Amino acid sequence: MPIGSSKSGVMGAGITPGGSEVFNSSGTFTAPAGITTVNITGTGGAGNSGGSGNSGNPGQGGNGSPGNSGGAGGGGGNGNPGAAGNAGSSGNAGTASTGLSQTFPGGAAGNGGSAGNAGQNGNSGSSATRGNPGGGQGMSGGAFGTTQIGGGGGGGAGTSNSGSGSGGTDRSGQDGGSPGGGRGGDGKLFAPGVNTPPNGGASGSVERAGGGGGGGGALGSGGGGGGRGTAGNSGGSGGSGGSSSPTTVNGITVVSGDSYPISVASGGQVTVSFDPQ
């Protein structure tokens, strides 16, 4: 045998080149002839984002105040702060990819968004000031000869517009702001042959609206209208889902010529590689 001829033949016989196959979707890997050991690297799909938190509930309108020795003030919604919203739900972890008896986990789930803060209740009305949000001060009473009147109550704040009422001698209750502010009650009217009692203010008719102030007694001032409640804050956005980290497993035994299913999650990837053998 010539020197070198058999050596060259032995070294060159039976060698299969290395290579790789990338799967971006599910498929089948067939081990090439002569390949009995492979490596596999894979990722699963990304995790889903968490859901947004719910908005906080709005606060209720404030109550109108009673008139001075007169009618009762009207109620706001119920005069209480709103309840906080609920936190958003967490997302789902990403779907895993699989192949050659290996599992490649998906990315982590996103966190749920934070709950929105509750809205604050409106201020109660006052007969002394006009400082409540949107609530007018009741009219002050006045005397004309033998006629005595009580001032009309200030209107409650609507959710958008302020109620009326700024003092004076008008016994008529003042209109509430829109939408939903309660009207102020009428003041007392006392004259020869007439004795009309003061009225209570009307309640706010929609959420967040204030009640009207009560009408005043003879020569008394009406009550101030209640203020509006505030809206609840929006909930927080959910967190983004995490990406899948690649995992590699080396030295997996395969049977030359056999086929192996590869399952690839949406957004994942699986790569099968092999060295020359």
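Preceding this paragraph is the structure being described.
Residues numbered from 1 in each chain as written. Predicted model: local features only at pLDDT ≥ 70, side-chain atom pairs only at ≥ 80, totals over all residues. Heavy atoms only, no water.

A. Molecular detail of the packing of aromatic side chains. The full count for this structure, using the stated rule, is one aromatic pair. A centroid spacing of 6.5 Å and a plane angle of 45 degrees characterise the contact between phenylalanine 29 and phenylalanine 274, whose relative ring orientation is tilted. Of this pair, phenylalanine 29 sits in strand β2 (residues 27-30) while phenylalanine 274 is found in strand β12 (residues 269-274), placing the two residues 245 residues apart along the sequence. Given the relative accessible area of 1%, phenylalanine 29 is considered buried. (Phe/Tyr/Trp six-rings, centres within 6.5 Å; stacked < 30°, edge-to-face > 60°. Helix = DSSP H or I, 4+ residues; strand = E, 2+ residues; numbered from the N terminus. Buried < 20%, exposed > 50% of the residue type's maximum accessible area, 1.4 Å probe, protein only.)

B. Structural detail: unusual backbone geometry. A cis amide bond links serine 178 with the next residue in sequence, proline 179, at an omega value of -10 degrees. Relative to the elements of secondary structure, proline 179 occurs in the loop between β7 (147-149) and β8 (189-191). Within the chain, serine 101 stands out as a residue other than glycine whose phi angle is a positive 65 degrees. Mapped onto the elements of the fold, serine 101 is located in the loop between β4 (97-99) and β5 (102-104). The backbone phi angle of arginine 208 is positive, close to 80 degrees, even though this residue is not glycine. Along the chain, arginine 208 turns up in the loop between β9 (194-196) and β10 (247-253).

C. Focus on the side chain of glutamine 174. Note that glutamine 174 resides in the loop between β7 and β8. Separated by 2.9 Å, the side chain of glutamine 174 and the backbone oxygen of serine 172 make a polar contact. (Polar contact = N/O pair within 3.5 Å; in protein donor to acceptor, adjacent residues only side chain to side chain.)

D. Structural view of the sheet that holds β5. With antiparallel pairing, the four strands of this open sheet are ordered in space as β2-β11-β4-β5. One side of each edge strand has no neighbouring strand; the edge strands of this open sheet are β2 and β5. With direction set aside, neighbouring strand axes in the sheet form an average angle of 20 degrees. Sheet topology places β4 next to strand β11 (residues 259-263); two bridges connect them, and they run antiparallel. Within β11, the position partnered with glycine 99 by the bridge is isoleucine 262. (Pairing = 2+ DSSP bridges. Axes fitted to C-alpha atoms, helices over the stretch in contact; angles between N-to-C directions.)

E. Representation of the nonpolar core. Counting residues in each nonpolar core, the largest one holds 16 residues, and the members touching the most others are Phe29, Val38, Leu100 and Val272. Elements represented by at least two residues in this core include exactly β3 (37-43), β11 and β12. With three residues, β12 is the single largest residue contributor to this core. With near-sequence residues (within four places) excluded, phenylalanine 29 lies in contact with Glu21, Phe23, Val38, Asp258, Ser259, Tyr260, Ile262, Val272 and Phe274. (Core = buried A, V, L, I, M, F, W, Y, C linked by side-chain atoms within 4.5 Å. Contact = heavy atoms within 4.5 Å.)

F. Representation of the pattern of salt bridges. Per the stated rule, a full pass over the model turns up two salt bridges. As a salt-bridge pair, arginine 183 and aspartate 175 come within 3.8 Å of each other at their nearest N and O atoms. Look at arginine 183 and you get partly exposed, because its relative accessible area is 36%. Across the pair arginine 183 and aspartate 186 runs a salt bridge, and its minimum N-O distance is 3.3 Å. A cluster of three or more residues bridged by salt bridges with shared partners is formed by Asp175, Arg183 and Asp186. (Salt bridge = Lys/Arg side-chain N within 4 Å of Asp/Glu carboxyl O.)

G. Molecular detail of the sheet that holds β12. Taking strand neighbours across the sheet as the criterion, the four strands line up as β1-β12-β3-β10 in an open arrangement whose pairing is antiparallel. A single partner strand is all that each edge strand has here, and the edge strands are β1 (19-23) and β10. Neighbouring strand axes in the sheet, compared pairwise and without regard to direction, differ in orientation by 20 degrees on average. As defined by bridge partners, β3 adjoins β10 across five bridges and the pair is classed as antiparallel. Bridge pairing in β10 places threonine 37 opposite threonine 253.

H. Fine view of the pairing of β3. Counting buried residues along β3, five of its seven residues qualify, which places the element largely inside the surrounding structure. Relative to β12, β3 runs antiparallel, the two sharing five bridges. Paired with threonine 43 across the two strands is glutamine 269, which belongs to β12.

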